[in-house]
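# Notes for the structure review
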Amino acid sequence: MNKKILLSYILLFASIITSAQENDVWYSFEDNKTQLIGFKDSNANVKIAPKFGLFTRANKFDKIIAVAEPKSNRFESYYLTKTGKKVGVGSMHIYDNGVDCESEGFIRFRDHKTGKVGLFDGDGNVVIPPIYNDVLSVHNKMLFALQGASMRRDGEHSFFAGGVETLIDTKNNTLIKNFSLDENINLYSIATEDKKHLVSPIRDYFEGEDGTRYSFINYEKEFHYWFESVLKKELESEKIEKHFFDKVSYWDDNFGWILVQKKDLKPELVNNIRIKLKRANSKDEEYQIFLEDLNKFIYESKEFEPFFDNCNDAIKAKYPVMTVVIMGKNKGKEVQDHFEFLRTDDEYKLIGLSIKSE
């Protein structure tokens, strides 16, 4: 065989192997003696021996993670890529007492000198420089950003005041200025509209920086529409059970939260669910809707894994839980019935309930 052709095959094979290794998800494991954390590939081969400690919270390693490595009497914190590249030493982005987690191949960092926030890609390259007071995690290659704000204190708590909130993309292009953070905005539903577009009752509309008109599904509007026009119409039929998730949790006063397959729900409980949800049909019956996280301490089984990120935090921006709270009475006292609906890739599904009313 021609030597040049042989060399080409070798280089191509090496490229394929490298690509496969980089795309393979690694999983964290802990050394029982040292309590340090390392990572294994999907075949249980050790890719990184246990050497990380404090602040290393990623359970899965896709492209880039935040780690802390013990060095003598201190910890060295940095970001690590699959190729072993170290970036952002001492520049951890910390919130809620935890470091950031990769989202769509990107991770936030905070410049230790200025306190401003930027963004690394999966190769450890700075794709957004640290010029913002804060940015939120990447969702659908977009993120909320705050710039020009000042830090204020209220007792023990600090917060940003003023500044301009914008929607930017991962190339640091401003899409929409004065775009305030709203958990109800579904960034995965972005659409561009022409001037003659029909207004949807479940979407919010914004003027872009370049004159483009954007729209996004509003989770609360979407859920309310689905709850009123789809679910309620099927409360009288067996179809209601198709709106249950594969597993459903319910509160039992004797045993606490119980998680079961939906097929194992007792018929009397299913019937009670119908009865209680029908109360929301009544115009004089009070009920409210709240947007919440998926509870990782209840929904731990593998069916729920797609709804959590690599650090086991709920992906609220894509899979929110809409909780319907219906007022009722028990022995003359006012109580609340709670019904939790998880937004899946298909539709909203009932995943949890707590019935307190008679």
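Here, every reference points to the structure presented above.
Residues numbered from 1 in each chain as written. Predicted model: local features only at pLDDT ≥ 70, side-chain atom pairs only at ≥ 80, totals over all residues. Heavy atoms only, no water.

### A short note on the sheet that holds strand E12 (residues 126-132)
The strand order across the open sheet built from three strands is E10-E11-E12, with neighbouring strands paired in antiparallel fashion. In the strand order of this sheet, the two ends are held by strand E10 (106-110) and E12, each with one partner. For this sheet, the mean inter-axis angle between neighbouring strands, taken without regard to orientation, is 20 degrees. Here strand E11 (residues 117-121) pairs with E12 via three bridges, running antiparallel. From the neighbouring strand, Leu119 faces E12, where its bridge partner is Ile128. (Pairing = 2+ DSSP bridges. Helix = DSSP H or I, 4+ residues; strand = E, 2+ residues; numbered from the N terminus. Axes fitted to C-alpha atoms, helices over the stretch in contact; angles between N-to-C directions.)

### What about the packing of aromatic side chains?
Enumeration according to the criterion identifies 21 aromatic pairs in this entry. Taking 4.9 Å as the distance between ring centres and 50 degrees as the angle between the ring planes, the aromatic pair formed by Tyr299 and Phe304 counts as tilted. Its relative accessible area of 2% is what places Tyr299 among the buried residues. Aromatic rings pair up to connect Phe223, Trp226, Phe227, Tyr287, Phe341 and Tyr348 into one cluster. We note Lys40 situated over the ring of Phe29; from NZ or CZ to the ring centre the distance is 4.7 Å. (Phe/Tyr/Trp six-rings, centres within 6.5 Å; stacked < 30°, edge-to-face > 60°. Buried < 20%, exposed > 50% of the residue type's maximum accessible area, 1.4 Å probe, protein only. Lys NZ or Arg CZ within 6 Å of the ring centre and 35° of its normal.)

### Topic: the sheet that holds strand E18 (residues 174-177)
Spatially, the four strands line up as an open sheet ordered E13-E14-E17-E18, and their pairing is antiparallel. Each edge of the open sheet carries a strand with a single partner, namely strand E13 (134-135) and E18. Both strand E17 (residues 164-169) and E18 contribute to a ladder of three bridges, which runs antiparallel. Among the inter-strand pairings, Ile168 is bridged to a residue of E18, identified as Thr174.

### Observations concerning the pattern of salt bridges
One pass over the structure, following the stated rule, counts 19 salt bridges. The partner of Asp100 in a salt bridge is Arg108, and the shortest N-O contact between them spans 2.8 Å. Linked through salt bridges whose partners overlap, the residues forming this network are Arg57, Lys296 and Asp313. (Salt bridge = Lys/Arg side-chain N within 4 Å of Asp/Glu carboxyl O.)

### Re the environment of Phe304
If you trace the backbone, Phe304 turns up in the loop between strand E24 (287-292) and strand E25 (321-330). Classification of Phe304 by relative accessible area gives buried; the value is 0%. Along the sequence, Phe304 and Asp31 sit 273 residues apart, while their C-alpha atoms lie 27 Å from each other. Apart from the residues lying within four places of it in its own chain, the contact partners of Phe304 are Phe245, Lys247, Leu259, Leu294, Tyr299 and Ile351. (Contact = heavy atoms within 4.5 Å.)

### What to know about helix H3 (residues 267-278)
For H3, which comprises 12 residues, the first-to-last C-alpha distance of 17 Å matches the rise-based estimate of 16 Å (1.5 Å per residue) to within 8%. Along H3, the positions that sit buried rather than exposed are Leu269, Val270, Ile273, Arg274, Lys276 and Leu277. Along its buried surface, H3 packs onto helix H2 (219-231), strand E22 (244-252), E25, strand E26 (333-343) and strand E27 (348-354). (Expected span 1.5 Å × (residues − 1).)

### Structural notes on the side chain of Lys349
Residue position: Lys349 is located in strand E27. Side-chain polar atoms of Lys349 contact the backbone oxygen of Lys242, separated by 2.7 Å. Ignoring sequence-local partners within four residues, the contact set of Lys349 consists of Lys242, His243, Phe244, Phe245, Glu340, Phe341, Leu342 and Thr344. (Polar contact = N/O pair within 3.5 Å; in protein donor to acceptor, adjacent residues only side chain to side chain.)

### Thoughts on the environment of Glu228
Checked against the element boundaries, Glu228 lands in helix H2. As a C-alpha pair, Glu228 and Lys60 span 168 residues in sequence and 39 Å in three-dimensional space. A polar contact of 2.4 Å, which involves the side chain of Glu228, links it to the side chain of Tyr287.

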